[in-house]
Amino acid sequence: QVQVAESGGGLVQPGGSLRLSCVTSGLTFDNYAMGWFRQAPGKERERVSCINWTGSSSTYDDSVKGRFTISRDNTQRTLYLEMDNLKPEDTAVYYCATGGYRYCRDGREFKYWGPGTQVTVSS
């Protein structure tokens, strides 16, 4: 049984920072690429970032380039998303996903998803 769990969401003022974390159970953590996605009410889910199985390469949506950083610690079996200079448009439920492949590529779907964590950016 595979479980995925995010943490670290909350309320932050514009320009502030948050770090999201994601842990998994029931699968070999370092065998798979992992990704962060987000979805706001009335909008489609979008991929924020993806990192390959070793952490040697990563991708970012244009809207977060230069502000967000994805990383992973395979020893601690934890995925992170460091979010800096947050903007109100970053407000969304953020999801962690994993499983299915080792390398990030457009069109690939992850097999396992967490329940999400709410990030709200507001003054």
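The structure this text deals with has already been given above.
To keep things clear, this report deals only with the structure shown in the data block. (Residues numbered from 1 in each chain as written. Predicted model: local features only at pLDDT ≥ 70, side-chain atom pairs only at ≥ 80, totals over all residues. Heavy atoms only, no water.)

1. Describing unusual backbone geometry
Going by this rule: Put simply, DSSP H or I for four residues or longer makes a helix, DSSP E for two residues or longer makes a strand, and each gets a number counted from the N terminus.
A positive phi angle, close to 55 degrees, is found at Arg-77, a residue other than glycine. Structurally, Arg-77 is set in the loop between strand E7 (68-73) and strand E8 (78-83). Of note in the backbone geometry, Asn-85 takes a positive phi value of approximately 50 degrees without being a glycine. Tracing the chain through its elements places Asn-85 in the loop between E8 and strand E9 (92-98).

2. So, the state of the cysteines
Joining two cysteines, a disulfide is a covalent bond between their sulfur atoms. Put simply, the rule is: In plain terms, two cysteine sulfur atoms within 2.5 Å form what is called a disulfide here. A 1.4 Å probe rolled over the protein chains alone gives each residue an accessible area, and that area as a share of the maximum for its type sets the label: buried under 20%, exposed over 50%, partly exposed in between.
Within this structure, the stated rule accounts for two disulfides. A disulfide bridge connects Cys-22 with Cys-96, and the sulfur atoms are separated by 2.0 Å. Taking the torsion about the S-S bond as the criterion, the Cys-22 to Cys-96 disulfide, at about -80 degrees, is left-handed. A residue pair is termed long-range when its members are at least 10 positions apart, and Cys-22 in strand E3 (residues 18-25) and Cys-96 in strand E9 qualify at 74 residues. By relative accessible area, which is 0% here, Cys-22 ends up buried. The class for Cys-96 is buried, based on a relative accessible area of 0%.

3. Let's talk about the pattern of salt bridges
Inclusion rule: What counts as a salt bridge is simple: a side-chain nitrogen of Lys or Arg found within 4 Å of a carboxyl oxygen of Asp or Glu.
Applying the stated criterion across every chain, the model contains six salt bridges. Close ionic contact of Arg-38 with Glu-46 constitutes a salt bridge, the shortest N to O distance being 2.6 Å. You can call Arg-38 buried: its relative accessible area is 5%. Glu-46 gets classed as partly exposed once you look at its relative accessible area, which sits at 29%. Between Lys-65 and Asp-62 there is a salt bridge whose closest N-O contact spans 3.0 Å. Judged by relative accessible area, which is 62%, Asp-62 ranks as exposed. A cluster of three or more residues bridged by salt bridges with shared partners is formed by Arg-38, Glu-46, Arg-67 and Asp-90.

4. Some points on the side chain of Glu-6
Defined as follows: For this count, His and the chain ends are skipped, Lys and Arg are scored as positive, and Asp and Glu as negative. Identification of polar contacts relies on pairs of N or O atoms within 3.5 Å, with a donor-acceptor requirement for protein atoms, meaning one able to donate a hydrogen and the other able to accept it, and with residues adjacent in sequence counted only if both atoms are side-chain atoms. Here, residues are in contact when the closest pair of their heavy atoms is within 4.5 Å.
Inspection of the secondary structure assignment puts Glu-6 in strand E1 (residues 3-7). Nearest to the buried, unbridged Glu-6 among oppositely charged side chains is Arg-45, at 10 Å. Reaching out from Glu-6, the side chain makes a polar contact with the backbone nitrogen of Cys-96 at a distance of 2.7 Å. Polar contacts involving the side chain of Glu-6 include one to the main-chain amide nitrogen of Gly-116, which spans 2.9 Å. Ignoring sequence-local partners within four residues, the contact set of Glu-6 consists of Ser-21, Cys-22, Trp-36, Tyr-94, Tyr-95, Cys-96, Gly-114, Pro-115, Gly-116 and Thr-117.

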